[in-house]
Amino acid sequence: QVQLVESGGGLVQAGGSLRLSCAASGRTFSSYAMGWFRQAPGKEREFVAAITWSGGSTNYADSVKGRFTISRDNAKNTVYLQMNSLKPEDTAVYYCAGSRSYFPTSSGAYQYWGQGTQVTVSS
């Protein structure tokens, strides 16, 4: 069992940066692939980024590639999402999630979810 708590969201101007953190409880954190998803009002939840259990491989949605970086520190049971060059269209609730699969992009492949943190980018 893994419990996830996100933090680091907030209001930022376009072009700015934020770093989201996701703290996990449970001794098996390092065995899970981790992902970040987001959901804007009136839209479906979408994949943002994922990282393997070791941190050796990452995957990004085309919309954030080159601007966002996912990383993890297994010693701290934490996964991060560094978001640079933010755009108004990045405004959404951001969720971290854990999966027993390799590092899927489908939300259905994730078994554990945090409660989400709001990111608002003003123009």
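As a starting point, this report considers the structure included with it. Source: prediction; values computed, not measured. (Residues numbered from 1 in each chain as written. Predicted model: local features only at pLDDT ≥ 70, side-chain atom pairs only at ≥ 80, totals over all residues. Heavy atoms only, no water.)

Some points on the overall build of the protein chain
Moving on, step 1. Helices and strands together make up the secondary structure of the protein chain, namely zero helices and eleven strands.
Moving on, step 2. Listing each helix as α and each strand as β along the protein chain from the N terminus yields β-β-β-β-β-β-β-β-β-β-β.
Moving on, step 3. Compactness check: the protein chain gives a C-alpha radius of gyration of 13 Å against a globular reference of 14 Å for 123 residues, within 12% of the reference.
Moving on, step 4. Dimensions of the protein chain, computed from the C-alpha atoms along their principal axes, are close to 40 × 25 × 25 Å.
Moving on, step 5. Sorting the 123 residues of the protein chain into buried and exposed places 46% on the buried side.
Moving on, step 6. A gap of 7 Å separates the mean positions of the 11 positive and 7 negative side-chain charges of the protein chain. (Helix = DSSP H or I, 4+ residues; strand = E, 2+ residues; numbered from the N terminus. Rg over C-alpha atoms; globule rule 2.2 N^0.38 Å. Buried < 20%, exposed > 50% of the residue type's maximum accessible area, 1.4 Å probe, protein only. Lys, Arg positive; Asp, Glu negative; His and termini not counted. Charge placed at Lys NZ, Arg CZ, Asp CG, Glu CD.)

Side note on the sheet that holds strand E3 (residues 18-25)
Moving on, step 1. Strands sit in the order E1-E3-E8-E7 across an open sheet of four strands; the sheet is antiparallel. For this open sheet the edge positions go to strand E1 (3-7) and strand E7 (68-73), each flanked by a neighbour on one side alone. Here the strands of the sheet are splayed against their neighbours by 15 degrees on average, with no regard to which way each runs.
Moving on, step 2. Pairing of E7 with strand E8 (residues 78-83) involves six bridges; the strand directions are antiparallel. (Pairing = 2+ DSSP bridges. Axes fitted to C-alpha atoms, helices over the stretch in contact; angles between N-to-C directions.)

Focus on the nonpolar core
Moving on, step 1. Counting residues in hydrophobic clusters, the biggest one holds 37 residues, and the most contacted among them are Trp36, Leu81, Met83 and Tyr94.
Moving on, step 2. Among the secondary structure elements, those contributing two or more residues to this core are E3, strand E4 (33-39), strand E5 (46-51), E7, E8, strand E9 (92-99) and strand E11 (117-122).
Moving on, step 3. Per-element accounting of this core gives the leading share, five residues, to E5.
Moving on, step 4. Those residues within four positions of Met83 in sequence are excluded, and the remaining contacts are Gly16, Ser17, Leu18, Leu20, Arg67, Phe68, Tyr94 and Val119. (Core = buried A, V, L, I, M, F, W, Y, C linked by side-chain atoms within 4.5 Å. Contact = heavy atoms within 4.5 Å.)

A word on the environment of Leu20
Moving on, step 1. Tracing the chain through its elements places Leu20 in strand E3.
Moving on, step 2. Linking Leu20 and Arg72, residues 52 residues apart in sequence, is a C-alpha distance of 11 Å.
Moving on, step 3. Sequence-distant contacts of Leu20, defined by excluding residues within four places in its chain, comprise Ser7, Gly8, Gly9, Trp36, Val79, Tyr80, Leu81, Met83, Tyr94, Thr117 and Val119.

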